[in-house]
Amino acid sequence: DAGVTQSPTHLIKTRGQQVTLRCSPKSGHDTVSWYQQALGQGPQFIFQYYEEEERQRGNFPDRFSGHQFPNYSSELNVNALLLGDSALYLCASSFTGSGNTIYFGEGSWLTVV
Amino acid sequence: QKEVEQNSGPLSVPEGAIASLNCTYSDRGSQSFFWYRQYSGKSPELIMSIYSNGDKEDGRFTAQLNKASQYVSLLIRDSQPSDSATYLCAVNPPTGANSKLTFGKGITLSVRP
C-alpha cells in the first residue's frame, strides 16, 4: 500500500520563477492538505482540497494556489518566488471522517536563490 | 499568544530515562491532539493521537491530555538513542472534521547513550 508520494524531492529555483509541486495521496484517502515548513519551525497550513475544491486556506498570499484532480492527487503552485519561500513543502492526506488523522509525504525541498 | 506552544529545548536525557515533552494550546474548544516525530531531513511521522482527557499509552509512549488546563504532553519511557528527533505537537481546532492542524515549533530531543 503506497503512502503519500510527492515530487520532486528537491529543486532549486530563481527568485521570480514559478514552481509546481505534486502529490498523490495514500490509497483510500480523499483529502489533501499542503503545509510549508521553514527551517527550525513547525509546519504551517497552506490549504486543503476535498472533492476538487479548496476547502480551507491558511494565511498565505494568492501566489500560492493549488488544484485537486478527480483521482485525488494534487498540485501546489507558487508564483513569483521569493527567497522566503525556501522551505520543505509537505503534502498530507486523510480520509474524511477518519478523526482528523493525517499522514505526511516525504516532502519537497524548495530552495529559492 | 501563540496558538500552540512547546517548551523550549533542546532536551537531553540519558538512555533509559523518561523524556517528558510538553505542549500548551490557546483554543479551548480544540478537539484533537497529535504528536509527530520528525527526524532530521525527514517528514513528520504520526506517533500518538489523543482526543479525551487522561492518558493514552502505546508501547513506550504515553500521551496525556488535560483540556481544562489546555495542556498535552508526551512521555517516552526507556528512552533510546533512536528516539533522538524533533517532536511536534499539533492541535486540530474545533471547526469540523479534517480541519487544518496547527503545529508547535517542535522540541528537539537528544538521548545520550
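The structure under discussion appears in the preceding block.
In this report, the structure presented in the accompanying data block is examined. Being a predicted model, the structure only gives us computed values, none of them experimental.

## A short note on the overall build of chain A
Piece 1. Within chain A one finds 0 helices and 11 strands.
Piece 2. Ordering the α and β elements of chain A from the N terminus gives β-β-β-β-β-β-β-β-β-β-β.
Piece 3. Whereas a compact globule of 113 residues would reach a radius of gyration of roughly 13 Å, chain A reaches 13 Å, a difference of no more than 12%.
Piece 4. Projected onto the principal axes, the alpha-carbon positions of chain A cover approximately 40 × 25 × 25 Å.
Piece 5. Taken over 113 residues, chain A has a buried fraction of 47%.
Piece 6. Restricting the contact set of chain A to residue pairs at least 6 apart, pairs at least 24 apart contribute 52%.
Piece 7. Accessible area of chain A: about 5,300 Å², with a carbon and sulfur share of 50%.
Piece 8. Within chain A, one finds 7 positive and 10 negative side-chain charges whose respective centroids are separated by 10 Å.

## A word on the environment of A:Gln37
Piece 1. Topologically, A:Gln37 is positioned in strand 4 (residues 31-37).
Piece 2. The spacing of A:Gln37 and A:Asp85 is 48 residues in sequence and 9.7 Å in space, taken between C-alpha atoms.
Piece 3. Apart from residues lying up to four places away in sequence, A:Gln37 is in contact with A:Gly42, A:Pro43, A:Ala87, A:Leu88, A:Leu90, B:Gln38 and B:Leu88.
Piece 4. Of note is the side chain of A:Gln37, whose polar atom sits 2.9 Å from the backbone oxygen of A:Gln41.

## Topic: the state of the cysteines
Two cysteines whose sulfur atoms are joined by a covalent bond form what is called a disulfide.
All names here are of chain A.
Piece 1. According to the stated counting rule, one finds 2 disulfides over all chains in the structure shown.
Piece 2. The side chain of Cys23 participates in a disulfide bridge whose partner is Cys91; the two sulfur atoms lie 1.8 Å from each other. Torsion about the S-S bond of the Cys23 and Cys91 cystine: about -60°, corresponding to left-handed handedness. In this pair, Cys23 sits in strand 3 (residues 19-24) while Cys91 sits in strand 9 (residues 87-94), placing the two residues 68 residues apart along the sequence. Of the two residues examined, Cys23 and Cys91, each falls in the buried class.

## A word on the environment of B:Pro10
Piece 1. Relative to the helices and strands, B:Pro10 resides in the loop between strand 1 (4-6) and strand 2 (11-14).
Piece 2. Each C-alpha atom of the pair B:Pro10 and B:Ser84 lies 11 Å from the other, and the pair is 74 residues apart in sequence.

## Some remarks on the sheet that holds strand 8 (residues 74-78) of chain A
Residues and elements named next belong to chain A.
Piece 1. With respect to topology, 4 strands assemble into an open sheet ordered 1-3-8-7, the strand pairing being antiparallel. Two strands bound the open sheet, and with one partner strand each, they are strand 1 (5-7) and strand 7 (64-68). Strand-to-strand twist of the sheet, defined as the mean angle between neighbouring strand axes without regard to direction, takes the value 20°.
Piece 2. Note that strand 1 and strand 3 share 3 bridges and pair antiparallel. Paired with Thr5 across the two strands is Ser24, which belongs to strand 3.

## Digging into the sheet that holds strand 6 (residues 54-58) of chain B
Picture the strands of a sheet paired through backbone hydrogen bonds; they go either parallel or antiparallel.
All names here are of chain B.
Piece 1. In space, the 5 strands of this open sheet follow the order 1-3-8-7-6, with antiparallel pairing throughout. Single-partner strands in this sheet number two, and they are strand 1 and strand 6. Strand-to-strand twist across the sheet, computed as the mean angle between neighbouring axes with direction ignored, equals 20°.
Piece 2. Alignment of strand 1 against strand 3 (residues 19-25), held across 3 bridges, turns out to be antiparallel. Following the sheet pairing, Gln6 is matched in strand 3 by Cys23.

## Focus on the interface of chain A and chain B
Accessible area lost upon the coming together of the parts serves often as the stated size of an interface.
Piece 1. Opposite the 27 residues of chain A that make contact, chain B presents 22 residues.
Piece 2. Between chain A and chain B lies a buried interface of about 1,800 Å² when both sides are counted; carbon and sulfur atoms form 48% of it.
Piece 3. Remark: the boundary between chain A and chain B carries 0 salt bridges.
Piece 4. At the boundary of chain A with chain B, the tally comes to 4 residue pairs in polar contact (both at pLDDT 80 or more).
Piece 5. For the side of chain A that touches chain B, a count of residues per class yields 10 nonpolar, 15 polar and 2 charged.

The rules behind the values
- Residues numbered from 1 in each chain as written.
- Chains lettered and ligands numbered in written order.
- Predicted model: local features only at pLDDT ≥ 70, side-chain atom pairs only at ≥ 80, totals over all residues.
- Heavy atoms only, no water.
- Helix = DSSP H or I, 4+ residues; strand = E, 2+ residues; numbered from the N terminus.
- Rg over C-alpha atoms; globule rule 2.2 N^0.38 Å.
- Buried < 20%, exposed > 50% of the residue type's maximum accessible area, 1.4 Å probe, protein only.
- Contact = heavy atoms within 4.5 Å.
- Areas by Shrake-Rupley, 256 points an atom, 1.4 Å probe, with all protein chains shown as cover.
- Lys, Arg positive; Asp, Glu negative; His and termini not counted.
- Charge placed at Lys NZ, Arg CZ, Asp CG, Glu CD.
- Polar contact = N/O pair within 3.5 Å; in protein donor to acceptor, adjacent residues only side chain to side chain.
- Disulfide = S-S within 2.5 Å.
- Pairing = 2+ DSSP bridges.
- Axes fitted to C-alpha atoms, helices over the stretch in contact; angles between N-to-C directions.
- Buried area = accessible area lost by both parts, 1.4 Å probe.
- Salt bridge = Lys/Arg side-chain N within 4 Å of Asp/Glu carboxyl O.
- Nonpolar A, V, L, I, M, F, W, Y, C, P; charged D, E, K, R; others polar.

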